[in-house]
Amino acid sequence: MSALAVRGLEKRFGGLRVTAAVDLAVEPGERRLIIGPNGAGKTTLFNLIIGELRPDGGSITLFDRDITRVPSRRRIHLGIARTYQIITLFQGETLLRNVTLSLLGLSRLRWNPFVRLARQEALVARARETLARVALDHLAERPLAQTSYGERRRVEIAMALAQNPRVLLLDEPFAGLSVDERRDVLRLVTSIPRDVTIVMIEHDMDVALDFAERITVLHFGQVVVEGDRGEVVAHPRTKEIYLGE
Amino acid sequence: MKRLALAAALVILAAVPLWVGGTYYVNIASQILLFAIFALGVNVLVGYAGLASLGHAGLFGIAAYAGARVMNDGHGHVAVAAGALAVTLVASAAFAVLALRGTGLGFVMITVALGQIVWGVAYRWISITNGDNGISIKGRPSPLGLSLASPAAFYWATLAVFLVAVASMAIFVASPFGASVRGTRDQPRRMNALGYHVWMIRFLAFLLSGFWSGVAGLLYLYYNQFVSPQVVALTASAEALLMVISGGTATLLGPIVGSALVIVMKNVVSAYIERWNFVLGAIFVAIVVFMPEGLVPGTVRLARWAMAAWRPRAAAPVPAPGGEGGR
Amino acid sequence: MSLWLVLAVNSITLGGLLFLLSAGFSLIFGLMKIPNLTHGSFFMLGAYFAVSLIRWGLDFWTAAVVSGLAVAAFGGIVERVILRRLAGAELAQVLVTLGLSFMVADVCLMVWTGDPIQVDTPRALRGSTSMLGVVFPTYRLAISLIAVIFAAALWALLERTRLGAMIRAGVDDPAMARVVGIRVSRLFTIVFSLGAWLAGFAGVIGGPILSVYPGLDQEMLPLALVVVILGGSGNLLGSLVGSFLVGFLYNFGQAMLPELAYVVLFLPMLIVLVLRPQGLFGRQAA
């Protein structure tokens, strides 16, 4: 049984076929990397998997459960979370409150208009723990606006980790980071336990290749190469795509 | 420190009929409070949910008209209140379902259209609303046997309702649901991915907003003993929005300050200048262009900045000028 | 039979006026994403300007064009001085247009007083014309004709000129338009002024039928809103069809169900909103 499987996935924008008959099967605990030049349709694929876009054809299954028709807001309840390429955090709030909001999304409490959120001890404690996992608990009370870009990238990941996903989609987690920050994030990502399956989109080859077990190469919405690291790097099509046609 | 200020404010508010000079001013104070309740209601949508509405006077007016009709049909005040609020909630639900079909500016346009429908009905459907002649009612309720006929008594009753409104708003804002609402304002896409039902959250926020607008409308009916189409005109919705943005959206104090500002200006200015609409429009334009975050956040920001500059310790961070905007 | 005919003619006339009014509104909303709440004021202002110009001796049609220009100039100034400052802050722009509409309304009240003013039908178009065995008021026919001419002219502008291409590009994708080198901010001023001219001109030629009075702006604005919501924003066909639809609904509604006139008018709009939020001819949001 795959953790995440995509079969014949199609998406068109007008006449443009952004996702073309994509097949993907990620095993539980796997570390999969998706690469491809700009415009290959990588983020679109994530948007389709998480449900923000509706596919024109094909299916998506999560641990053998068909989620193609499941509304996007329910997919996290089924165990799939994502981070964003462009940081989409709650600017006016503290780090702690950001992560608390993430946890709240899964809890019935989110409909409650009577109790005080700040007094929900269990929730707040778990938020702190999650911040600790990304080594940011010392900044819990800091407003997001006063943190560095690298710290915000880690909060992005914390938001997704907080919800204890079974499958985690990381969309360019290293984008715009300095060498040191990249090292921190890589350490964070590699420390995620094996009960979480990770699919990552990335451009930064050095860091990503360290991390990946299997690699899928997308080009013009299609899967063109797939295999383990050695195979993909040596493949002539990979070189063709990256060095120009 | 904050508790002391709160207690002091309560005492001052409670004593208003005693220190303000004359029944005219007591009435102004009542108006300020009831419109503050309206502004707080509008703020739930505008400030906390990030959905600007220019049709809320429609809900305010529906409550007033419904209350007037129930009363003139011979029912007691409990029925009046229940009837008015029930009708307003149904209307709010209808408004919400329709307005939420649009996003951003589409939402605003739809609320304008909805407000205009209510106005059109109030103006034309003479058999139920009496058109331009409006509907009068006789008498105010007597809770616990106490008459509310005098301005002071009515003021205290309004104050009581106002305090309940503020308290419930404070609870809402600090609650998980309140945080959800604010989340949908700031990052609706992410909220969706985090598992929140964004549409439902907005719908419920609309209902909450409509409820308090209805309460304010009912209070207005009792205050004025008369309701006419003027109450649901676009200018009324604009004034409500002005109250919220001038005081500062997404704060509790903002709508209250805004209400005081608009009511006082309206009454003072009307005494000297005939053209209140011109002034209202000019203030709108001025505030939107020069002080988009509203008076309360703007003043708070300046106060913090001044205090930080005063203290010898350089540790306090100076907030960046330019602010976030209440959007 | 003849009542229906009269209503039909009036509906077409109103539809024609509404087209002139809402075409501008639709373009402004489509291109600049601003629901211009001052648009009703432009209509009323144009009418009032013409009243004064005619009193000072100008003939009807010249007054119409000049009034339009005056309103266009006003619109251009508003766009340049105020709206451009708020570029990107769409809600702020809406609120500003609202505030301005209040200001304009009161100024008109001050200058022209509160009494309704009757505008005389231009002499050449008074009386009636007989067509196909039926007698129509000449002026109403003229308005319908003018509307059709303008519809064709606007269509030609949008489809056949460079300016039109730029406008369409801006409506479709402003970011891309900028990248391609289109001076979007100058385009905004042009479109805003054009919309204002159309509204002002419509106000003048509508004068003999509607007369001019305080509150005219508040009556016309919701009609333009309904047209744009029904027809979809940023497209001419939608404005055309929507305008005539609204014209018919309004007149027939008034005649048959006077108490429910507004409901009859807005109900289709609500239905369209529920079933097809982008309007009958609008493009679906991605």
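The shown structure was predicted, so the numbers you read here are calculated from the model rather than taken from an experiment.

### Examining the overall build of chain C
Turning to step 1, where the next piece is worked out: For chain C, the helix and strand inventory stands at 11 helices and two strands.
Turning to step 2, where the next piece is worked out: The C-alpha radius of gyration of chain C comes to 19 Å, within 12% of the 19 Å expected for a compact globule of 286 residues.
Turning to step 3, where the next piece is worked out: Projecting the C-alpha coordinates of chain C onto the three principal axes gives extents of approximately 55 × 45 × 35 Å.
Turning to step 4, where the next piece is worked out: Within the span of chain C, comprising 286 residues, buried residues form 52% of the whole.

### Describing the overall build of chain B
Turning to step 1, where the next piece is worked out: Of the regular secondary structure elements, chain B holds 15 helices and two strands.
Turning to step 2, where the next piece is worked out: Along the three orthogonal principal directions, the C-alpha set of chain B runs to about 65 × 50 × 40 Å.
Turning to step 3, where the next piece is worked out: Across the 327 residues in chain B, those meeting the buried criterion constitute 52%.
Turning to step 4, where the next piece is worked out: Taking the contacts inside chain B whose residues are at least 6 apart along the sequence as the reference set, 73% of them involve residues at least 24 apart.

### Considering helix H3 (residues 95–104) of chain A
Turning to step 1, where the next piece is worked out: For H3 of chain A, a buried count of 10 out of 10 residues is recorded, marking the element as mostly surrounded by other parts of the structure.
Turning to step 2, where the next piece is worked out: Listing the buried residues of H3 of chain A in full gives Leu95, Leu96, Arg97, Asn98, Val99, Thr100, Leu101, Ser102, Leu103 and Leu104 of chain A.
Turning to step 3, where the next piece is worked out: Its buried side turned inward, H3 of chain A meets helix H4 (121–133) and helix H5 (149–162) of chain A together with helix H9 (176–186) of chain B.

### A closer look at the sheet that holds strand E7 (residues 167–171) of chain A
Residue and element names in this part refer to chain A.
Turning to step 1, where the next piece is worked out: Spatially, the six strands line up as an open sheet ordered E6-E7-E8-E3-E9-E10, and their pairing is mixed. One side of each edge strand has no neighbouring strand; the edge strands of this open sheet are strand E6 (80–82) and strand E10 (222–228). Recorded for the sheet is a direction-independent mean angle of 15 degrees between the axes of neighbouring strands.
Turning to step 2, where the next piece is worked out: Relative to strand E8 (residues 197–201), E7 runs parallel, the two being bridged by five bridges. Paired with Val167 across the bridge in E8 is Thr197.
Turning to step 3, where the next piece is worked out: Of the strands in this sheet, strand E3 (31–35), E6, E7, E8 and strand E9 (214–219) touch helix H1 (residues 42–50), which is tilted by about 150 degrees from E7.

### Side note on the interface of chain B and chain A
Turning to step 1, where the next piece is worked out: Contacts between the two partners involve 21 residues from chain B and, on the opposite side, 26 residues from chain A.
Turning to step 2, where the next piece is worked out: Listed by contribution, the elements that provide at least two residues to the side of chain B that touches chain A are helix H8 (151–174), H9 and helix H10 (188–193) of chain B.
Turning to step 3, where the next piece is worked out: By residue number, the principal contributor to the side of chain B that touches chain A is H9 of chain B, which donates seven residues.
Turning to step 4, where the next piece is worked out: Taken together, the residues of the side of chain B that touches chain A break down into nine nonpolar, eight polar and four charged.

### Considering the interface of chain C and chain B
Turning to step 1, where the next piece is worked out: Counting residues at the interface gives 37 residues for chain C, matched by 34 residues for chain B.
Turning to step 2, where the next piece is worked out: Secondary structure elements with two or more residues in the side of chain C that touches chain B: helix H4 (90–112), helix H9 (216–231) and helix H11 (261–275) of chain C.
Turning to step 3, where the next piece is worked out: Among the elements that take part in the side of chain C that touches chain B, H4 of chain C stands out by supplying 15 residues, more than any other.
Turning to step 4, where the next piece is worked out: For the side of chain C that touches chain B, the class distribution of residues is 30 nonpolar, two polar and five charged.

### Remarks on unusual backbone geometry
Residue and element names in this part refer to chain A.
Turning to step 1, where the next piece is worked out: For Ala135, which is not a glycine, the phi torsion comes out positive at approximately 60 degrees.
Turning to step 2, where the next piece is worked out: Structurally, the position occupied by Ala135 is in the loop between H4 and H5.
Turning to step 3, where the next piece is worked out: Residue class for Ala135 comes out partly exposed when judged on the 14 C-beta atoms lying within 10 Å of it.
Turning to step 4, where the next piece is worked out: Even without being a glycine, Asn164 presents a positive backbone phi close to 45 degrees.
Turning to step 5, where the next piece is worked out: Tracing the sequence through the fold places Asn164 in the loop between H5 and E7.

### Description of the sheet that holds strand E1 (residues 4–13) of chain A
All names here are of chain A.
Turning to step 1, where the next piece is worked out: Pairing in this open sheet of four strands is antiparallel, and the strands run E2-E1-E4-E5 from one edge to the other. The open sheet is flanked by strand E2 (16–26) and strand E5 (65–66), the only strands paired with a single partner.
Turning to step 2, where the next piece is worked out: As judged from the seven bridges shared by E1 and E2, these two strands associate in the antiparallel manner. Within the sheet, the bridge partner assigned to Leu9 lies in E2 and is Val22.

### Observations regarding the environment of Gly14 of chain A
Turning to step 1, where the next piece is worked out: Relative to the elements of secondary structure, Gly14 of chain A occurs in the loop between E1 and E2.
Turning to step 2, where the next piece is worked out: When the C-alpha positions of Gly14 of chain A and Asp206 of chain A are compared, they lie 36 Å apart, and in sequence the two are 192 residues distant.

### Concerning helix H3 (residues 60–83) of chain C
Turning to step 1, where the next piece is worked out: If you check H3 of chain C, its first and last C-alpha atoms are 32 Å apart, about what 24 residues at 1.5 Å a residue would give, namely 34 Å.
Turning to step 2, where the next piece is worked out: Restricting attention to buried positions, one finds in H3 of chain C the residues Phe60, Ala63, Ala64, Ser67, Gly68, Val71, Ala72, Phe74, Gly75, Val78, Glu79 and Leu83 of chain C.

### Some details on the pairing of E10 of chain A
Turning to step 1, where the next piece is worked out: Note: E9 of chain A against E10 of chain A, six bridges, orientation antiparallel. The residue of E10 of chain A that forms the bridge with Leu218 of chain A is Val223 of chain A.

### Brief notes about the packing of helix H1 (residues 2–32) of chain C against H9 of chain C
The relative placement of two packed helices comes down to the angle between their axes together with the axis-to-axis distance.
All names here are of chain C.
Turning to step 1, where the next piece is worked out: Their axes nearest at 9 Å, the elements H1 and H9 cross at an angle of 65 degrees. Where H1 crosses over H9, the handedness of that crossing is right-handed. Where H1 abuts H9, its residues Leu18, Leu21, Ser22, Phe25, Ser26 and Phe29 lie against Met220, Leu223, Ala224, Val227 and Val228.
Turning to step 2, where the next piece is worked out: Each residue belonging to the contact of H1 with H9 can be placed in one class, and the counts come to nine nonpolar, two polar and no charged.

### Some remarks on the nonpolar core
Turning to step 1, where the next piece is worked out: Grouped together as the largest cluster of nonpolar side chains are 266 residues, with contacts concentrated most on Ile37 and Ala113 of chain B together with Val226 of chain C.
Turning to step 2, where the next piece is worked out: Ranked by residue count, the leading element in this core is helix H3 (residues 23–48) of chain B, at 17 residues.
Turning to step 3, where the next piece is worked out: Look past the residues within four positions of Ala113 of chain B in its chain and what remains in contact with it is Pro222, Leu225, Val226, Ile229, Phe266 and Met269 of chain C.

### So, the packing of helix H2 (residues 39–55) of chain C against H4 of chain C
Residue and element names in this part refer to chain C.
Turning to step 1, where the next piece is worked out: The N-to-C vectors of H2 and H4 enclose an angle of 20 degrees; their axes lie 10 Å apart at closest approach. Accordingly, the angle class assigned to the pair H2 and H4 is roughly parallel. The handedness of the crossing between H2 and H4 comes out as left-handed. Along the contact surface, H2 presents Gly40, Ser41, Met44, Leu45, Tyr48 and Val51, while H4 presents Ser101, Val104, Ala105, Cys108 and Trp112.
Turning to step 2, where the next piece is worked out: Of the residues contributing to the contact of H2 with H4, the split by class is eight nonpolar, three polar and no charged.

Conventions used here
Just so you know, the residues in each chain are numbered from 1, in the order the chain's sequence is written. Key to labels: chains lettered from A, ligands numbered from 1, both in the order written. For this predicted model, a pLDDT threshold of at least 70 governs which residues receive local features, and a threshold of 80 or more governs which side-chain atom pairs are given and counted, while totals over whole chains, interfaces and linings are taken from all residues. For the purposes of this entry, the term helix denotes a DSSP run of H or I that reaches at least four residues, the term strand denotes a run of E that reaches at least two, and both are numbered from the N terminus. Here the radius of gyration uses the C-alpha set of atoms, whereas the globule reference equals 2.2 Å times the residue count to the power 0.38. With C-beta atoms placed from the backbone, the exposure class of a residue follows from how many other C-beta atoms lie within 10 Å of its own: 20 or more, buried; 12 or fewer, exposed; in between, partly exposed. With C-beta atoms placed from the backbone, a contact is any residue pair whose C-beta atoms sit within 7 Å. Two strands pair if DSSP finds at least two bridges between them. Geometry is summarised by axes, namely lines fitted to C-alpha atoms with helices restricted to the contacting stretch, and by angles between N-to-C directions that run from 0 to 180 degrees. Three residue categories are used. Nonpolar comprises Ala, Val, Leu, Ile, Met, Phe, Trp, Tyr, Cys and Pro, charged comprises Asp, Glu, Lys and Arg, and polar comprises the others, including Gly. An expected span of 1.5 Å times one less than the residue number is assigned to each helix. Crossings are assigned a handedness: left-handed for a near helix turned anticlockwise from the far helix by less than a right angle, right-handed for a clockwise turn. Core membership is restricted to buried Ala, Val, Leu, Ile, Met, Phe, Trp, Tyr and Cys residues, and these are joined into a nonpolar core through C-beta atoms within 7 Å. The labels follow the angle: roughly parallel below 35 degrees, roughly antiparallel above 145, roughly perpendicular from 65 to 115, and oblique for the rest.

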